[in-house]
Amino acid sequence: RPEILYFLAKDPGVDVRRAVARNEATPVQAGLILADDSDTDVRCDLAQRIGRLAPQLDESSRERIGTVVDAVLAKLASDQVPRVRQLLAEELKHAVGVSSAVIEKLARDDDPSVAAPVLEYSPLLNDELLLDIIAGTPEGAALVAISRRAGLTEPVADAVVATDDDDAICSLLSNRSAQIREETLDALVEQSASVPTWHAPLVLRP
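Residues numbered from 1 in each chain as written. Predicted model: local features only at pLDDT ≥ 70, side-chain atom pairs only at ≥ 80, totals over all residues. Heavy atoms only, no water.

1. Some remarks on the overall build of the chain
Assigned secondary structure in the chain consists of 14 helices and zero strands. Along its sequence from the N terminus, the chain presents helices and strands in the succession α-α-α-α-α-α-α-α-α-α-α-α-α-α. Dimensions of the chain along its principal axes, counting C-alpha atoms only, are 65 × 35 × 25 Å. The proportion of buried residues among the 206 residues of the chain is 45%. Considering only residue pairs separated by 6 or more positions, the chain has 58% of its internal contacts joining residues 24 or more positions apart. Surface accessibility of the chain: about 10,400 Å² in total, with carbon and sulfur atoms responsible for 51%. Separation of charge centres in the chain, based on 21 positive and 35 negative side chains, amounts to 9 Å. (Helix = DSSP H or I, 4+ residues; strand = E, 2+ residues; numbered from the N terminus. Buried < 20%, exposed > 50% of the residue type's maximum accessible area, 1.4 Å probe, protein only. Contact = heavy atoms within 4.5 Å. Areas by Shrake-Rupley, 256 points an atom, 1.4 Å probe, with all protein chains shown as cover. Lys, Arg positive; Asp, Glu negative; His and termini not counted. Charge placed at Lys NZ, Arg CZ, Asp CG, Glu CD.)

Given below as structure tokens:
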């Protein structure tokens, strides 16, 4: 029963707590306990399960347990161990019905392995937020992730180009769905004389 699983979330045996964290029947309230567990694997298992659960909540479930789910996600998004945050980001990268604050926190994470999946895929990141993140001079891998976003708009594309990050610009040019202004493209063509890695994506760009 849910009450038993909640009780077992505090069991001294780590294998028991891991099993509870993985169990689909475990009540989300137990997540508040497991998110503070001393064992990293317990928190990793919880991040994967709650990350899968959160986007699937219907309106009724969100009204009933949405606040608790958001609190668990917020705890995991602030975890000290990057692997926990990374697993959460992978689960939430395509999610729509989740806390935008949690998505933004993951997108701004200092660890590129955490931020990149969300920056590349999350539909909850708007241009204003992406421009603000780019202005904060993120790690190169984060810039590359942004440049790969489907349907990237002209203002964001211009911001990526303005960073002068060769790898990010190369990814932007390879992104067939990215909108790049003609003036920006012309400038990149001129600069590409000294950047051989841009040649192929420029030539292949429609």
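2. What about helix 12 (residues 166-174)?
Those residues of helix 12 not exposed but buried are Ala-168, Ile-169, Cys-170, Ser-171, Leu-172 and Leu-173. Elements that come into contact with the buried residues of helix 12 comprise helix 10 (140-147), helix 11 (154-162), helix 13 (182-191) and helix 14 (199-204). Where helix 12 begins, one side-chain oxygen reaches toward the backbone nitrogen of Asp-167, 3.1 Å away; that side chain belongs to Asp-165. (Polar contact = N/O pair within 3.5 Å; in protein donor to acceptor, adjacent residues only side chain to side chain.)

3. Some thoughts on the pattern of salt bridges
In this structure the tally under the stated criterion is 17 salt bridges. Note that Asp-37 is salt-bridged to Arg-17, the shortest N-O span being 2.4 Å. Of this pair, Asp-37 sits in the loop between helix 3 (31-34) and helix 4 (40-53) while Arg-17 sits in helix 2 (residues 14-22), and the two are 20 residues apart along the sequence. A relative accessible area of 9% means that Asp-37 is categorised as buried. (Salt bridge = Lys/Arg side-chain N within 4 Å of Asp/Glu carboxyl O.)

4. Thoughts on the environment of Leu-185
Relative to the elements of secondary structure, Leu-185 occurs in helix 13. On the basis of relative accessible area, Leu-185 is assigned to the partly exposed category, the value being 22%. Taking the C-alpha atoms as reference points, Leu-185 and Leu-173, separated by 12 residues in sequence, lie 8.8 Å from one another. When sequence neighbours within four positions are dropped, the list of residues in contact with Leu-185 reads Leu-173, Ile-180, Leu-202 and Arg-205.

5. A short note on unusual backbone geometry
Glycine aside, residues mostly have negative phi, and peptide bonds are mostly found in the trans state. Phi is positive for Asp-164, close to 60°, though the residue is something other than glycine. Looking at the element boundaries, Asp-164 is found in the loop between helix 11 and helix 12. In this structure Asp-164 comes out as exposed when scored by relative accessible area, which is 55%.

6. With respect to the nonpolar core
Of all hydrophobic cores here, the largest spans 64 residues; its most connected members are Leu-76, Leu-88, Leu-92, Leu-106, Leu-119 and Ile-146. Among the elements that line this core, the one with the most residues is helix 5 (residues 59-77), at seven residues. (Core = buried A, V, L, I, M, F, W, Y, C linked by side-chain atoms within 4.5 Å.)

7. Looking at the side chain of Asp-37
A polar atom in the side chain of Asp-37 sits 2.8 Å from the backbone nitrogen of Asp-39. Discounting chain neighbours no more than four positions away, the residues touching Asp-37 are Arg-17, Val-42 and Arg-43.

8. Some words on the packing of helix 8 (residues 112-121) against helix 10
Between helix 8 and helix 10, the shortest axis-to-axis distance is 8 Å and the interhelical angle comes to 15°. With respect to their mutual orientation, helix 8 and helix 10 come out roughly parallel. Crossing hand, helix 8 versus helix 10: right-handed. Touching Pro-112, Ala-116, Leu-119 and Glu-120 of helix 8 are Ala-141, Ala-142, Ala-145 and Ile-146, all from helix 10. Residue classes in the contact of helix 8 with helix 10 are distributed as seven nonpolar, no polar and one charged. (Axes fitted to C-alpha atoms, helices over the stretch in contact; angles between N-to-C directions. Parallel < 35°, antiparallel > 145°, perpendicular 65-115°, else oblique. Left-handed = near helix turned anticlockwise from the far one by under 90°. Nonpolar A, V, L, I, M, F, W, Y, C, P; charged D, E, K, R; others polar.)

9. Considerations on the environment of Ser-122
By the element assignment, Ser-122 lies in the loop between helix 8 and helix 9 (127-135). Sequence-wise, Ser-122 and Ile-103 are 19 residues apart; in three dimensions their C-alpha atoms are separated by 7.8 Å. Not counting chain neighbours up to four residues away, the residues in contact with Ser-122 comprise Lys-93, Ile-103, Pro-117 and Arg-149.

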